Amino acid sequence: TLSFAGDCTLGNRKGKTGQSTFMGTVGENYAHPFADVQEYFANDDCTFINLESPLTDSNNPDTQKEFVFKGPTSYVNILTQGSVEFANVVNNHTLDYGETGYTDTLTTLDAAGIHYAEKKNTVVFTTESGLTIGVYSDLDPQNTKNISGAIEKMREEGAEIVIVSLHWGYEYYYKHNGTQQKIARYAIES
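Predicted, not measured: the structure shown is a model, and the values here were computed from it. (Residues numbered from 1 in each chain as written. Predicted model: local features only at pLDDT ≥ 70, side-chain atom pairs only at ≥ 80, totals over all residues. Heavy atoms only, no water.)

What follows deals with unusual backbone geometry. Even without being a glycine, Lys120 presents a positive backbone phi close to 55°. Counting through the fold element by element, Lys120 comes out in the loop between helix H4 (98–112) and strand S6 (121–126). Accessibility expressed as a relative area gives 47% for Lys120, which makes it partly exposed. Of note in this structure, Tyr172 is not a glycine but carries a positive phi near 70°. Structurally, Tyr172 is set in the loop between strand S8 (161–167) and helix H6 (178–189). The class of Tyr172 is exposed, set by a relative accessible area of 70%. (Helix = DSSP H or I, 4+ residues; strand = E, 2+ residues; numbered from the N terminus. Buried < 20%, exposed > 50% of the residue type's maximum accessible area, 1.4 Å probe, protein only.)

Right, dumping it as structure tokens:
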């Protein structure tokens, strides 16, 4: 059994503080964000989320975007207490705090034993139940050869289940477009 959750922004927007923010609500109650799905996440073979914010203690954002997010490195406990085993780090907020924020995030996930795949890379890992999973992550892919090559590589490395994780689409659109459908179909057929 695999569980998937979408965008998880485990922190605040730059400049936002107070009780009504994510961090104001959660504080150090790390179990709170996934409390209502904990029974599912704890009893599956692997839970996947999209980590839509870096986990860093840096206070130096590296972008002038309107929406810049981050959570402290201690918020990795939200993932561990929530029984999350895989965090996609390939998205439009990965570099909100630059290379420092990105490196902090990967170091934090590594220390917690949470798997991830970097942009246009694969990872193959075995779950506690013995299931070998391969994941390929990309941001708005245009080259289908990258996808088929990644799938072939993961199969060669013993992946029983292959997941292609694509962070794509347009803000505020609720439907996919023709290019996305074509690439998704190609990934499925591969």
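Attention now goes to the pattern of salt bridges. Inspection of the entire model under this criterion finds three salt bridges. Residue Arg13 is joined to Glu66 by a salt bridge in which the shortest nitrogen-to-oxygen separation is 3.8 Å. In this pair, Arg13 is assigned in strand S2 (residues 12–13) and Glu66 in the loop between strand S3 (46–51) and strand S4 (69–70), connecting sequence segments 53 residues apart. Among the salt bridges present, the one from Lys65 reaches Asp96, with a minimum N-O distance of 2.7 Å. Taken as a pair, Lys65 in the loop between S3 and S4 and Asp96 in the loop between strand S5 (86–88) and H4 lie far apart in primary sequence, 31 residues in all. Exposure remark for Asp96: the relative accessible area of 1% places this residue in the buried category. (Salt bridge = Lys/Arg side-chain N within 4 Å of Asp/Glu carboxyl O.)

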